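# Coordinate analysis (summary)
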Amino acid sequence: MIPGSLAVIFMVLPVLGLVAQAPWGSFGTLLSDPVTRDALRISAVSSLWATAICIVLGTPLAWLLARNALPGTRFIRALVVVPLLLPPVVAGVGLLTAFGRRGFVGSFLYDQFGIQFPFTTAGVVLAQAFVAMPFLIITVEAGFRGLNKEFEEVAATLGASPWQTFRHVTLPLVAPALLSGIVLAWARAVGEFGATIGFAGNFPGVTQTMPLAIYSELEVDRSLATGLSVILLAVCLVILVLLRRTYLHGDRAND
Amino acid sequence: MRGIRLAACAVVAAATSLMLIAPAQATTSAQASTANTKVTGTITVSAASSLADVFPVIGQAFQKRYPGTTVRFNFGGSSTLVNQIKGGAPVDVLATASETTMFSAVTAGLVGMPLAFAKNTMAIAMPADNPAKIRSLADLARPGTLVGVCAATVPCGVAARDLLARNKVSITPVTQELDVRSLLGKVVSGDLDAGIVYVTDVKAVGNKVKSVQIPARLNVTTTYQIATVGETRTPEVAQRFVDYMRYSVSAQGILRAYGFTKPW
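Bear in mind the structure is a predicted one, so any value in this text is a computation, not a measurement.

### Some points on the overall build of chain B
Each helix and strand in chain B was counted, giving nine helices and nine strands. Contacts spanning at least 24 positions in sequence make up 76% of the contacts within chain B whose residues lie at least 6 apart. Here chain B has roughly 12,500 Å² of accessible surface; of this, 59% comes from carbon and sulfur atoms.

What follows is the structure, given as structure tokens:
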């Protein structure tokens with residue numbers, strides 16, 4: 001009981017500090033500032049794309065891992081958590097060496113197709129997807145693992161195709177885990193800072209997400225930076241609360 | 001009456017002559033204490049990113065000159081450093097890359113009297129193979145050239161903007177890095193075609209980059225300043241370090257070797 005309440009207090013205090021220090025009078029000016037609007041737009045667009053990439057690439061991998069369908073499952077599972085352990089700034093350097101203009105994949109893309117990731121919004125998406133992917137894979141894999149295989153087998157014996165089984169049996173059962181994986185991955189993408197600034201750079205309207213705008217503002221005016229943080233916090237809370245309704249229903253259905 | 005007035009005159013005269021002599025005596029005793037009393041203790045020096053190579057070397061020389069002292073460094077963008085001190089960071093000496101950032105610390109009452117200890121100018125750094133074939137400042141304005149600058153919140157960004165304005169060159173950078181070292185890193189890696197950095201940064205990375213030097217009359221200068229932090233617990237060591245930076249032949253010699261120019 002006591003450690004639990006301490007945990008809550010510990011997590012809530014900094015947020016309270018932000019809310020208490022926020023320049024409530026200047027929110028109008030802050031929200032109409034093109035830099036804030038650009039940053040909110042870049043954050044929204046990039047985090048949604050990053051989450052989409054995580055869903056499309058991460059869900060199949062989670063399924064394969066849960067079914068031990070791949071040789072070296074343990075090794076792959078260890079690889080999956082690497083982006084979690086890497087300091088994000090190091091992840092940024094890693095992304096540069098792979099996807100930068102001189103990187104081993106990036107140089108090919110640049111020479112052949114003129115595609116360049118650093119200093120583009122696509123680069124921001126890449127950085128966010130890299131750090132957010134483990135959250136989706138780990139959560140969804142746990143969901144697949146907890147599934148009772150009998151349901152799928154019954155569906156199969158009743159003549160359902162693998163796709164029908166997946167679509168009508170597996171997916172609804174795994175939906176709560178999928179949804180919480182999506183929420184976690186998206187939240188990580190929204191908060192991403194180090195890999196983004198290291199790999200994609202910092203330019204308003206192109207690569208400057210909310211965390212980058214907040215950090216840039218922190219050097220000049222702390223109260224405005226606090227204001228921007230509260231805006232980001234508010235936007236994310238509204239989205240999470242809206243999602244949580246469906247997500248809670250899913251949990252109950254599971255019980 | 002007359003006697004009193006005479007006596008008063010004598011007192012004033014004596015006081016005046018004492019005042020004339022006193023500073024000279026104070027100076028002598030201060031010099032004596034420099035030579036005799038040992039300063040010991042640890043100081044933390046918050047210094048601008050562009051000093052990250054040269055300061056550790058000067059720190060070593062200082063520790064050798066004053067045995068019993070330890071100098072630790074904390075490098076970052078000048079405005080970040082000022083904000084850290086504002087937030088109560090336990091720092092003893094502040095060294096900024098511009099007078100403006102130091103001035104903000106002075107007006108906030110955070111530091112003592114600042115001293116100028118070095119100057120720096122700007123240069124264009126390109127990857128070693130110079131992919132965009134940059135030869136002058138004007139080349140940076142060519143469409144499709146990936147140019148990076150520092151953000152306007154740090155001294156190197158202010159200097160870059162001044163430089164471009166002074167030479168009437170208008171560019172659209174692709175990134176505004178938050179300190180000069182991360183900008184330089186992206187030039188070295190070849191992801192940027194060019195970056196506007198300090199002359200000393202170009203020197204620090206050697207042949208990993210090519211550079212375009214800018215003639216003095218077209219260049220801009222930034223002045224580095226150093227001051228003791230008011231909250232320091234080791235004011236003697238802190239003051240000694242500040243003086244060492246500005247007045248000692250060793251510190252000034254090391255600064256010159258790293259490409260900084262003299263502050264006076």
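### A closer look at the pairing of strand β7 (residues 194-198) of chain B
All names here are of chain B. In terms of burial, β7 is largely enclosed, as five of its five residues are buried. Alignment of strand β4 (residues 115-127) against β7, held across four bridges, turns out to be antiparallel. Residue pairing in the sheet places Ala125 in a bridge with Gly195 of β7. Judged from the two bridges that link them, strand β5 (residues 147-150) and β7 form a sheet pairing that is parallel. Bridging across to β7, Gly148 finds its partner in Gly195.

### Comments concerning the packing of aromatic side chains
Going through the model one piece at a time under the given rule, you end up with 17 aromatic pairs over all chains. Between Trp24 of chain A and Phe27 of chain A, the aromatic rings sit 5.1 Å apart at their centres with planes inclined by 35°, giving tilted as the arrangement. Residue classification places Trp24 of chain A among the exposed positions, given a relative accessible area of 52%. Accessibility expressed as a relative area gives 12% for Phe27 of chain A, which makes it buried. Both rings, one in Phe117 of chain B and one in Tyr224 of chain B, keep their centres 6.1 Å apart while their planes meet at 65°; by these two values the pair is edge-to-face. With Phe117 of chain B in strand β4 and Tyr224 of chain B in strand β9 (residues 221-228), this residue pair connects regions lying 107 residues apart in the sequence. Counting every residue linked through ring pairs, the aromatic cluster contains Phe55, Phe62, Tyr66, Phe73, Phe75, Phe117, Tyr198, Tyr224, Phe241, Tyr244 and Phe260 of chain B. Over the face of the ring belonging to Tyr66 of chain B we find Arg65 of chain B, whose NZ or CZ atom lies 4.4 Å from the ring centre.

Basis of the calculations
Residues numbered from 1 in each chain as written. Chains lettered and ligands numbered in written order. Predicted model: local features only at pLDDT ≥ 70, side-chain atom pairs only at ≥ 80, totals over all residues. Heavy atoms only, no water. Helix = DSSP H or I, 4+ residues; strand = E, 2+ residues; numbered from the N terminus. Contact = heavy atoms within 4.5 Å. Areas by Shrake-Rupley, 256 points an atom, 1.4 Å probe, with all protein chains shown as cover. Buried < 20%, exposed > 50% of the residue type's maximum accessible area, 1.4 Å probe, protein only. Pairing = 2+ DSSP bridges. Phe/Tyr/Trp six-rings, centres within 6.5 Å; stacked < 30°, edge-to-face > 60°. Lys NZ or Arg CZ within 6 Å of the ring centre and 35° of its normal.

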